[in-house]
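Spelled out from the first residue to the last, the chains are:
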Amino acid sequence: MQCEQVHEALPEIVDGGQHADATIVDHVQGCLRCQAELVQYRKLLKALHSLRTEVLEPAPGTLTGILAHLEAAGERGAIRSLLHGRKAAYVGGIAVATAAAGAGAIVLLGRGKRRVKVA
Amino acid sequence: MPTDLADLVAAAMDGDRAAFEELVKATYADAYTLAYRLTGNEEDARDVVQDAYLRAYKGLKNFRGDASFSTWMYRITANAASTYLAKRTKFRHEDIDDEATTSIADDRPEVDPEQRADAAAERTRLNEALQALPPDMRAVVVLRDVYDLPHEAIAAELGITEGAAKVRLHRARRKLRERLFPLRIEAKDAAGEGEESRHAV
């Protein structure tokens, strides 16, 4: 096992997510350079993890922007549903009118046939 | 109006718009912080976080409550940032300004001023190193090592395979380690290279 192989493997195994190969463990135990590198990786992970508790001060206007964005989207949604409702009403109206016209035509056709028979 | 986060989520899921606005107020600084870390600047972070809350509002019915609302928001924010950055033809790599770096310093009064200054300096270096990473590497290392999201979730939100997410994470860790905590031998190599290049000039 060479230091270079351990150097490649360390970022993968440092958090314990990946099980370390026994040959790597043996090498690190006897190699000061790789031990030093492992310590540096652990320091890095600790430093990164410490950022989790830090909350930045949002830029001015961020909250107002989010709420305005939600409001605008809500209005767009309302307009869309209104238009959708109107569209449904138009389609319904046209369907009723077509059905009425059809029924009228059938009635007229029926009367016409009766007149022909009488004649 | 409920004040507990879980109650607010329940009320918002029942269609209470005001409850959702309260949820936004309670969590937006956290979501903004993640968006800033992923995008590297205030303007982009603001756009990302706006989009993220809109997605959250529309997708609230899909929130199952098996994770906390904050974790769910992190995932949505990560996805929104990924989409946002992918749309841009050119990524900006601006250095973070002094105001942004000092705002994350630990200024608790009980901490010794010298220690506080050291911690602030370390965080500044760490943030600079993170911002210097390519955005795809930065996203993975921030989501995994800062926010502790599982590989599977990171891969899903960034639209990559789990294997690719792991490879990016390991590369990012190596780059950060080399920049922030160089071994003596690496520091000497770097100094040697500098020496050689000076001689070459």
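Residues numbered from 1 in each chain as written. Chains lettered and ligands numbered in written order. Predicted model: local features only at pLDDT ≥ 70, side-chain atom pairs only at ≥ 80, totals over all residues.

Trainee: Please provide a residue-by-residue account of the packing of helix α4 (residues 69-87) of chain B against helix α7 (residues 135-146) of chain B, values included.
Mentor: Residues and elements named next belong to chain B. Following both chains from N to C, one finds α4 and α7 inclined at 175°, their axes separated by 11 Å at the closest point. Classified by the angle their axes make, α4 and α7 are roughly antiparallel. Facing α4, whose interface residues are Ala78, Ala81, Ser82 and Leu85, α7 presents Pro135, Ala139 and Leu143. Residue composition of the contact of α4 with α7, by class: six nonpolar, one polar and no charged. (Axes fitted to C-alpha atoms, helices over the stretch in contact; angles between N-to-C directions. Helix = DSSP H or I, 4+ residues; strand = E, 2+ residues; numbered from the N terminus. Parallel < 35°, antiparallel > 145°, perpendicular 65-115°, else oblique. Contact = placed C-beta atoms within 7 Å. Nonpolar A, V, L, I, M, F, W, Y, C, P; charged D, E, K, R; others polar.)

Trainee: Before we move on, could you go through the domain arrangement of chain B and cite the residues and values that matter?
Mentor: Residues and elements named next belong to chain B. According to the domain assignment, chain B contains domain 1 (1-91) and domain 2 (134-201). Facing 11 residues of domain 1, the contacting portion of domain 2 comprises 11 residues. Mapped by element, the contributors of at least two residues to the side of domain 1 that touches domain 2 are α2 (17-39) and α4. Per element, the largest residue contribution to the side of domain 1 that touches domain 2 is seven residues, and it comes from α4. Here the residues of the side of domain 1 that touches domain 2 are counted per class, giving seven nonpolar, two polar and two charged. (Domains from an automatic or database assignment.)

Trainee: Outline the environment of B:Ala19, listing residues and values.
Mentor: Of note, B:Ala19 is situated in helix α2. A C-alpha to C-alpha distance of 16 Å links B:Ala19 and B:Gly65, two positions 46 residues apart in sequence.

Trainee: How would you explain α2(B) if you had to name every residue and give the values?
Mentor: All names here are of chain B. The end-to-end C-alpha separation of α2 is 29 Å, well short of the 33 Å expected for 23 residues at 1.5 Å each. Of all the bends in α2, the largest measures some 55° and sits at Thr27. Once α2 ends, the next one or two residues include Gly40, with phi positive near 90°. (Expected span 1.5 Å × (residues − 1). Bend = angle between axes of the 7 residues up to and from the residue.)

Trainee: Talk me through the nonpolar core; I want residue IDs and the actual numbers.
Mentor: Residues and elements named next belong to chain B. Grouped together as the largest cluster of nonpolar side chains are 52 residues, with contacts concentrated most on Ala35, Val49, Ala52 and Val140. A per-element tally of this core places α2 first, with 10 residues. Each of domain 1 (1-91) and domain 2 (134-201) accounts for three or more of the residues forming this core. Excluding anything up to four places from it in sequence, Val140 contacts Ile154, Ala165, Arg168, Leu169 and Ala172. (Core = buried A, V, L, I, M, F, W, Y, C linked by C-beta atoms within 7 Å. Buried ≥ 20, exposed ≤ 12 C-beta atoms within 10 Å, placed from the backbone.)

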